[in-house]
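# Results of the structural survey
The primary structure of each chain is shown beneath.
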Amino acid sequence: CVHAMTLEEAVAKALAADPSIRKARADVNESVGFAREMKAERYPIISFEGGIGWAARDRGFDPVSGSSGSANGQSVLSRQFSLVGRQLLFDGGFSKYRYKDANERRAAEELLERERKEVTVFNTIEAYMDVVFARQQIKLAQDNVTAHTEILDLSKSRAEAAGNQA
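Rules of the game
- Residues numbered from 1 in each chain as written.
- Predicted model: local features only at pLDDT ≥ 70, side-chain atom pairs only at ≥ 80, totals over all residues.
- Heavy atoms only, no water.
- Helix = DSSP H or I, 4+ residues; strand = E, 2+ residues; numbered from the N terminus.
- Buried < 20%, exposed > 50% of the residue type's maximum accessible area, 1.4 Å probe, protein only.
- Contact = heavy atoms within 4.5 Å.
- Areas by Shrake-Rupley, 256 points an atom, 1.4 Å probe, with all protein chains shown as cover.
- Arc of directions from axis to C-beta.
- Expected span 1.5 Å × (residues − 1).
- Axes fitted to C-alpha atoms, helices over the stretch in contact; angles between N-to-C directions.
- Parallel < 35°, antiparallel > 145°, perpendicular 65-115°, else oblique.
- Left-handed = near helix turned anticlockwise from the far one by under 90°.
- pLDDT = per-residue confidence, 0-100.
- Nonpolar A, V, L, I, M, F, W, Y, C, P; charged D, E, K, R; others polar.

## Looking at the overall build of the protein
Per the secondary structure count, the protein includes three helices and four strands. Secondary structure elements in the protein, listed N-terminal to C-terminal, are α-α-β-β-β-β-α. Split into buried and exposed, the 166 residues of the protein put 10% on the buried side. Sequence separation of at least 24 residues holds for 70% of the intrachain contacts in the protein that already meet a minimum separation of 6. Carbon and sulfur atoms form 59% of the exposed surface of the protein, whose accessible area is close to 13300 Å².

## Describing helix α1 (residues 7–17)
Considered for burial, the residues of α1 that qualify are Ala10, Val11 and Ala14. End-on, the buried residues of α1 take up no more than an arc of 95°, which puts them together on one face. Relative to its buried face, α1 has exposed residues pointing more than 90 degrees away, namely Glu8, Lys13 and Ala16. Summarising the contacts, the buried residues of α1 are in contact with α3 (94–165).

## Re helix α2 (residues 19–40)
Between its terminal C-alpha atoms α2 stretches 31 Å, which fits the 32 Å expected from 22 residues at 1.5 Å a residue. Of the positions making up α2, those classed as buried are Ile21, Ala24, Asp27, Val28, Ser31, Ala35 and Met38. Viewed end-on, α2 has its buried residues packed into an arc of 115°, placing them on one side of the element. Facing away from the buried side of α2 by more than 90 degrees, the exposed set consists of Pro19, Lys23, Glu30 and Arg36.

## Let's talk about the packing of α2 against α3
Close contact between α2 and α3 brings their axes to 8 Å; oriented N to C, the two are set at 165°. Taken together, α2 and α3 sit at an angle that is classed as roughly antiparallel. Classified by chirality, the crossing of α3 by α2 is left-handed. Within the contact between the two elements, α2 uses Ser20, Ile21, Ala24, Arg25, Asp27, Val28, Ser31, Val32, Phe34, Ala35, Met38 and Lys39 and α3 uses Arg98, Tyr99, Ala102, Asn103, Arg105, Arg106, Glu109, Glu110, Glu113, Arg116, Lys117 and Thr120.

## As for the confidence of the model for the protein
As a note on interpretation, predicted positions should not be read in detail where pLDDT is low. Averaged over every residue, the pLDDT of the protein is 86; residues scoring 70 or more account for 87%. Taken element by element, the predicted model of the protein shows its lowest mean pLDDT in strand β3 (residues 67–68) (56) and its highest in α3 (92).

## Regarding the packing of α1 against α3
Packed helices, taken two at a time, are described by their axes: the angle between them and the distance between them. Packing of α1 against α3 leaves a shortest axis separation of 9 Å and a crossing angle of 135°. Compared by their axis directions, α1 and α3 come out oblique. As α1 runs across α3, the sense of the crossing is right-handed. Of the residues in α3, those in contact with Leu7, Ala10, Val11, Ala14 and Leu15 of α1 are Lys117, Thr120, Val121, Thr124, Ile125 and Tyr128. Taken together, the residues of the contact of α1 with α3 break down into eight nonpolar, two polar and one charged.

Here it is, written out as structure tokens:
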């Protein structure tokens, strides 16, 4: 027995299997990420860097005491840290328009994804209806063959009855 798929199952399977829909979803996700990136450019950026390690120190001249010492090197622990903040104050509206463009791109990608899904759904429904129509035609043909077989059997029995009477 072959499992007959419902229209809803066929549409769900087609939507899940269509690579163009997965590509459209990836394009939407990419455009969403780009829009977030454009928005993030308008926020302050703070970076923190640091380093620690051993360094050889030449005691030939000591800047703290201002005196000359021995030329023997000495290892000292060296530490460096920095905190940098940056904020865009004015760009002539450039970042605002890039953010607006990114949002419009995202909306366009979402519309393209929706269109791709609709095309897939319509194509699936069309194929499904073709199968339903073909099955109805097969059923009608089988019924027609059954009816003609009954007529043939009836004709044979009449012919045999007529042949027996003659």
